[in-house]
Amino acid sequence: MKNLKIIFTICFCVAATSLYAQSRHYNSQTLGMGGGGTAYIDGYHSNFLNPANLMLKKAKRPSTSLGIFGGLGVNVGGSLVNLGVYDDYFTKGLTLEGQVREDMLNDWFGAGVNNTRDLAVNLDIVPLGFSKRGRKSALSFATRVRVIEDFTINRGFAELAFYGLDSDQFGSAVPVNFNNTTISYAEVSIAYAREIPLPLQGLVESLPFINGVKLYAGVAPKYIVGVQASELDFTSTLQVEPVGPTTAGGITQNFDYSLYAFGELSDQLANYATARQSNPDAKFDDFVDYSGSDSGTLGSGFGMDLGVTAEIDVSLPVLGILGKRQVLRLAMSATDLGSVKFDKSPTRVTANGEITFDGDAGDDTFEDYLDNFSDSLQNDVYGDFTSVEEGARKYELPGMYNFGAALTLGKLTTTLDYGFGFNSTGANTRRSSLTLGTEYRLLGFIPLRFGTRLGGYSSTVYSAGFGVDLKFIEFSFAAQSASNSGELGSSVAAAWSGLLIRF
């Protein structure tokens with residue numbers, strides 16, 4: 001719709017030049033096992049989850065790994081994704097009108113018109129990764145493209161979507177609001193890990209069922225390149241006057257919006273706002289045509305990932321039937337410590353006003369009337385904004401604390417993870433989560449993975465994965481979804497290992 005072009009320009013430009021990211025780093029191994037992996041994931045992926053795990057030596061795996069397009073993970077989640085509502089109202093042949101429509105909105109948003117629901121759509125891509133493990137230390141290099149997008153709407157926005165411009169529903173002013181934040185950046189991470197002396201090692205190894213203990217620590221500093229960012233906040237009230245015997249009806253919207261932009265798009269918006277001061281007939285299309293050529297030059301920052309892992313060679317005779325190799329790993333990590341600052345031409349665009357649409361087209365044809373009205377919205381109403389230079393905007397990375405355990409008994413591995421975020425960036429949440437997972441290596445090289453996550457940013461989810469994991473190469477997939485989303489919403493995720501070569 002032409003009259004929404006100004007409001008959504010940033011969203012469209014960012015979506016066209018970048019991908020979505022995910023707050024917690026997943027790959028096909030961890031996602032298939034529920035999404036944990038603090039004590040299990042190894043190789044260059046450990047840069048982003050627990051760099052101490054660079055020292056892990058898994059059975060029959062060479063010490064060097066190289067990933068070319070070395071992993072992908074995508075996640076969609078939040079309270080706006082309510083599979084329970086979808087199943088109850090969209091799959092049973094119901095007609096969404098009358099009380100059925102009202103019940104659907106009540107189940108989805110609650111009764112309050114200002115109640116909000118949110119959606120996070122994220123993706124991680126690891127274009128390149130390399131790791132080398134030595135006898136006492138290990139090094140790794142990895143790059144990751146990450147974008148975090150949040151979208152929130154209120155119930156009034158949903159009513160507009162499902163009722164349309166119904167004068168019975170909007171006979172009095174109804175709040176219709178939404179906001180969107182998008183942050184995209186690339187990371188260059190260099191990790192170092194080593195084995196560290198264990199205090200009282202002899203005493204620990206004298207305990208029953210313990211044959212040996214190794215302790216590893218790792219650190220992964222990273223440089224962050226800001227690709228693109230935007231913040232949009234739109235609030236309004238909408239009222240619809242019915243058509244009557246003596247009136248053609250009408251629509252009134254009072255609105256107030258602000259958006260932050262950077263770089264080329266920021267300059268174009270500022271130039272348009274300046275041009276309108278001397279020429280009220282200036283056209284938005286003549287000034288704003290974002291090309292995305294400045295992506296990757298808009299900001300920078302630094303971050304860090306830290307981790308510690310204890311690897312215990314255990315002997316559990318009662319479980320010997322599962323395999324001779326019995327290893328327990330205990331780990332903890334702090335990930336995504338840091339921030340990224342966007343500082344190239346930061347600008348805040350603001351506008352407020354009232355839109356009045358009269359159904360009386362006068363002497364014009366209705367089609368000409370709509371075209372003129374649309375042009376007026378774009379250039380004279382929504383486009384009548386002011387542009388103000390702002391200071392740099394700093395965004396915290398979606399940091400998390402992670403604690404995990406993994407027990408490997410021959411071909412069978414089980415994992416337990418506990419984690420919580422210390423901010424609410426993207427799909428990150430301070431609400432803690434518990435992850436349970438298992439992997440069985442059928443014939444030794446076909447991993448079958450299953451897991452679940454309780455808590456976190458959605459309802460309980462279940463995951464599964466499989467693939468081929470040979471000594472020198474890995475190719476595997478995983479997927480995750482909620483069976484019943486409820487009020488907390490759903491989470492749907494998928495991951496692919498990329499081309500991973502070991503030598």
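What you see is a predicted model; the values in this text were computed from it and never measured.

A. Structural detail: the pattern of salt bridges. For the coordinates displayed, the defined rule picks out 24 salt bridges. The salt bridge partner of D469 is R61, with a shortest N-O separation of 2.7 Å. Taken as a pair, D469 in strand 19 (residues 461-469) and R61 in the loop between helix 2 (28-32) and strand 1 (64-68) lie far apart in primary sequence, 408 residues in all. By relative accessible area, which is 3% here, D469 ends up buried. What makes R61 buried here is its relative accessible area of 12%. Of the charged contacts in the structure, one is a salt bridge between D88 and K92, with a shortest N-O distance of 3.7 Å. Salt bridges sharing common partners tie together D42, K58, R61, E439, R441, R449, D469, E474 and R502.

B. Geometry of the nonpolar core. By size, the foremost hydrophobic cluster in this structure holds 40 residues, and its most contacted members are F109, F170, F255, Y257, L259, L269 and F385. Put simply, the parts of the chain that give this core at least two residues each are helix 3 (83-89), helix 4 (98-109), helix 5 (155-163), strand 8 (210-241), strand 9 (250-261), helix 7 (263-278) and strand 12 (347-358).

C. Up close: the pairing of strand 11 (residues 326-342). Summarising the sheet, strand 10 (residues 299-314) and strand 11 pair through 14 bridges and their orientation is antiparallel. When the bridges of strand 11 are listed, D313 appears paired with V327. Judged from the ten bridges that link them, strand 11 and strand 15 (residues 400-409) form a sheet pairing that is antiparallel. Across the sheet, residue L328 finds its bridge partner in strand 15, namely L407.

Conventions and cut-offs
Residues numbered from 1 in each chain as written. Predicted model: local features only at pLDDT ≥ 70, side-chain atom pairs only at ≥ 80, totals over all residues. Heavy atoms only, no water. Salt bridge = Lys/Arg side-chain N within 4 Å of Asp/Glu carboxyl O. Helix = DSSP H or I, 4+ residues; strand = E, 2+ residues; numbered from the N terminus. Buried < 20%, exposed > 50% of the residue type's maximum accessible area, 1.4 Å probe, protein only. Core = buried A, V, L, I, M, F, W, Y, C linked by side-chain atoms within 4.5 Å. Pairing = 2+ DSSP bridges.

Nothing here speaks to function; it is all geometry.
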